[in-house]
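Descriptive analysis of the structure
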Amino acid sequence: MAALALFLLGGLGWAALAPIDASHEAVYEIPHGTSARRMAGEHVDIFPQTIRLTLGLKDVLVLKTADEVPHIFGPTLILPGQSFRLPFATASTYSFECSAHPNGGLSVIVQPGPVPGWERLQWRWRRLISTG
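A quick note: this is a predicted structure, and the numbers were derived from the prediction, not measured.

Across the sheet, which stays open at both edges, the 3 strands sit in the order 1-3-6 with mixed pairing between neighbours. Two strands in the sheet have a free side with no partner beyond their single neighbour: strand 1 (25-30) and strand 6 (83-87). With direction set aside, neighbouring strand axes in the sheet form an average angle of 15 degrees.

Quick look at the environment of Pro 48 now. Among the structural elements, Pro 48 can be located in the loop between helix 2 (34-39) and strand 2 (50-54). Separated by 20 residues in the primary sequence, Pro 48 and Tyr 28 have C-alpha atoms spaced 9.9 Å apart. In this structure, Pro 48 is in contact with Tyr 28, His 101 and Leu 106, ignoring residues within four places of it in sequence.

With that settled, consider the nonpolar core. Membership of the largest hydrophobic core comes to 20 residues, with the highest contact counts inside it found for Phe 47, Leu 53, Leu 61, Phe 73, Phe 88 and Val 108. Broken down by secondary-structure element, the contributors of at least two residues to this core are strand 1, strand 2, strand 3 (60-65), strand 6 and strand 8 (105-111). With 3 residues, strand 8 is the largest single contributor of residues to this core. If we skip the residues at most four places from it in the chain, Leu 61 touches Ala 26, Tyr 28, Ile 51, Leu 53, Phe 73, Phe 84, Arg 85, Leu 86, Phe 88 and Val 108.

Calculation notes
- Residues numbered from 1 in each chain as written.
- Predicted model: local features only at pLDDT ≥ 70, side-chain atom pairs only at ≥ 80, totals over all residues.
- Heavy atoms only, no water.
- Pairing = 2+ DSSP bridges.
- Helix = DSSP H or I, 4+ residues; strand = E, 2+ residues; numbered from the N terminus.
- Axes fitted to C-alpha atoms, helices over the stretch in contact; angles between N-to-C directions.
- Contact = heavy atoms within 4.5 Å.
- Core = buried A, V, L, I, M, F, W, Y, C linked by side-chain atoms within 4.5 Å.
- Buried < 20%, exposed > 50% of the residue type's maximum accessible area, 1.4 Å probe, protein only.

Put into C-alpha cells, the structure is as follows:
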C-alpha cells in the first residue's frame, strides 16, 4: 500500500513540475486560389480573426501560403510557396495587418503558459480528460 501511495505521489509531483513537451508551432495555411476567390467576390475565411497562443506550448505562429500571389502579414511579404515563422516570448495581445484575412487584419493573443506546481497539474488534468 505504501508503494502505491509513493507511486501516486511521484506521478503527481512529476505532473506538477515536469516541463511540458509539446510542439510549439501553431500552423495556418493560406490555400491555393484564396486570392482569386476573394477577387471574384467570395467571402473566404481561412483562419480566425483572433489566434490564441500559449507561451511554452503553442508560442510560434507559422503562416504558409499555397496561394499563387504574395500575402502581407505585418511588415512581412510572404511569397507563394513560402512560410513565415513568428515566435512569441512575451504574453500580450498583438495586432497585425493581414492581406489573407477578410477584414485585412488579425489579432494574436499570447497567454502565459501554466507555471510549475498546481497550475501545471490542473492543465495536465484538463488536457487528459478532454482527450480521453
